[in-house]
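Here's the letter readout for the chains.
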Amino acid sequence: MVASAALLTGCVLGHNQQTDEPVELRCRAIMSLNTRAQAFDKSFPVDADLGVWAFALPREKEWEIFQPDAEKLAANIRMEHNEALWVPQTPLLWDYDKQLTLIAYSPFEVQASYSPLHGIVFDIYDTEESPNTPLLYTDFVADQRVELNRAGVTLPFYHALSKVDVKIRTVLTNDNAVVVKKIYLEQIHTEGTFFSHPTPEWVTTSGRKDVTLYEDEGGWSLPANNDTTMEESARLVMPQSGATRLVVVADVLRAGMYYPNQEFVTDQIKIFWEPGKYYTYSLIITHDSLWHEEPSPEDHR
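Residues numbered from 1 in each chain as written. Predicted model: local features only at pLDDT ≥ 70, side-chain atom pairs only at ≥ 80, totals over all residues. Heavy atoms only, no water.

**Overview of the overall build of the protein chain**
Alright, step 1. Along the backbone of the protein chain there are 1 helix and 26 strands.
Alright, step 2. Put simply, the protein chain has 301 residues, and 48% of those count as buried.
Alright, step 3. Nonlocal contacts in the protein chain, meaning residues at least 24 apart in sequence, comprise 70% of its contacts between residues at least 6 apart.
Alright, step 4. For the protein chain, the exposed surface amounts to about 14,400 Å²; the carbon and sulfur share of it is 47%. (Helix = DSSP H or I, 4+ residues; strand = E, 2+ residues; numbered from the N terminus. Buried < 20%, exposed > 50% of the residue type's maximum accessible area, 1.4 Å probe, protein only. Contact = heavy atoms within 4.5 Å. Areas by Shrake-Rupley, 256 points an atom, 1.4 Å probe, with all protein chains shown as cover.)

Written out as structure tokens, the structure is:
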């Protein structure tokens, strides 16, 4: 993984920065520039706490070789926002003669654990419970020394989830009209367990269900004459492969006749959703048909 594809959290040293005395570990969190602006805030949310594990080794011992010998300095400590910084509820001291390896996640409220083999683990996470909350993790940030991190230890955060939205292009004559009431993905996985290391991976832990992208009783009136419309239908989904279909439920005016709650269904859509990727599905709708164009996945930016 590369830091440019991540959220960056700088851990700032506390007092005694110019001595070999222990210092306090603090964090400042920022969003990376490759987070897609219309889907995510550009600043790290101040109400999102961090969960952090920290391991200490003597300065001459590298994490990759001596990991089993490391002292667990902190285990899932909660770091909360305090003015410009995130700080632990109890100060965490970093000895000058130790180098630290850190791994973290956010938000703190989710059920998370740490495994030497699997890194950050989100156990049985249900995307339906928090469909708009980014789920974030870091890889191991190893062998950090006090004197090399006066300006902050950088923890690259990555998105564990994928994101999906739709846009619709209409092909309608002036005597036809379509008012969309609902758009949903048909029968996808919504619950699974996530392992961040050595590569991010999801294992499903439940069956499939329909997932709503847009729903409004008042409806969304689509323009005629082949205009393109974008509706705020983006939501987080569990990365997975397989197949689904997109279903649009709409009221239709056709040749002066009104047809409520008509279902338009695409052909089968093959999916391969990866963590940290954004997928926009283009739907083309007429008064009696619906089809889709395959998306080009983008990084969160």
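**What to know about the confidence of the model for the protein chain**
Alright, step 1. Mean pLDDT for the protein chain: 84, with 83% of residues reaching 70 or above.
Alright, step 2. Segment residues 1–8: pLDDT under 50, and 34 contacts once partners within four positions in sequence are set aside and those in other chains are kept.
Alright, step 3. The model gives residues 35–41 a pLDDT under 50, and that stretch makes 24 contacts with residues more than four places away or in other chains. (pLDDT = per-residue confidence, 0-100.)

**A few points about the side chain of Q99**
Alright, step 1. Mapping Q99 onto the fold places it in strand 7 (residues 98–106).
Alright, step 2. What makes Q99 buried here is its relative accessible area of 4%.
Alright, step 3. Polar side-chain contacts of Q99 include one of 3.5 Å to the side chain of D143.
Alright, step 4. Leave out the neighbours within four places in its chain, and Q99 touches F55, A56, L57, P58, R59, K61, E62, W94, D143, Q144 and R145. (Polar contact = N/O pair within 3.5 Å; in protein donor to acceptor, adjacent residues only side chain to side chain.)

**Points about the environment of L172**
Alright, step 1. As for its placement among the helices and strands, L172 is situated in the loop between strand 13 (162–170) and strand 14 (176–189).
Alright, step 2. Residue L172 is classed as buried on the basis of its relative accessible area of 7%.
Alright, step 3. Expressed as a C-alpha distance, the spacing of L172 and A224, which sit 52 residues apart in the sequence, is 5.0 Å.

**What to know about the nonpolar core**
Alright, step 1. V180, I183, L246, V248, W273 and Y281 are the most contacted members of the largest nonpolar core, which totals 28 residues.
Alright, step 2. Secondary-structure elements contributing two or more residues to this core are strand 13, strand 14, strand 17 (208–221), strand 21 (246–254), strand 23 (269–272) and strand 24 (277–285).
Alright, step 3. Counting residues in each nonpolar core, the second largest holds 24 residues, with W53, Y105, F122 and A160 among its members. (Core = buried A, V, L, I, M, F, W, Y, C linked by side-chain atoms within 4.5 Å.)

**Looking at the pattern of salt bridges**
Alright, step 1. What the rule picks out here adds up to 6 salt bridges.
Alright, step 2. For R78, the salt bridge goes to E80, with nearest N and O atoms at 3.8 Å.
Alright, step 3. On the basis of relative accessibility, which here comes to 24%, the residue R78 falls in the partly exposed class.
Alright, step 4. What emerges from the salt-bridge pattern is a single network uniting D49, R78, E80 and E109. (Salt bridge = Lys/Arg side-chain N within 4 Å of Asp/Glu carboxyl O.)

**Thoughts on the sheet that holds strand 8 (residues 112–115)**
Alright, step 1. Taken in spatial order, the 4 strands make up an open sheet running 8-9-15-16, and their pairing is antiparallel. Across the chains shown, the open sheet's two edge strands, defined by having one partner strand only, are strand 8 and strand 16 (201–204). Neighbour to neighbour, the strand axes of the sheet diverge by 25° on average, direction disregarded. (Pairing = 2+ DSSP bridges. Axes fitted to C-alpha atoms, helices over the stretch in contact; angles between N-to-C directions.)

**Regarding the side chain of K181**
Alright, step 1. On the secondary structure map, K181 appears in strand 14.
Alright, step 2. Side chain to side chain, K181 and D251 meet in a polar contact 2.8 Å long.
Alright, step 3. Filtering out sequence-adjacent residues up to four positions away, K181 remains in contact with Y214, E215, D216, E217, G218, G219, V249, A250 and D251.

**Topic: the sheet that holds strand 17**
Alright, step 1. Read from one edge of the open sheet, 4 strands run 17-14-21-22, paired in antiparallel fashion. The two strands at the open ends of the sheet, each matched to only one other strand, are strand 17 and strand 22 (257–265). In this sheet, neighbouring strand axes are inclined to one another by 15° on average, regardless of whether the strands run parallel or antiparallel.
Alright, step 2. Pairing of strand 21 with strand 22, which is carried by 7 bridges, proceeds in the antiparallel orientation. The residue of strand 22 that forms the bridge with A250 is Q262.

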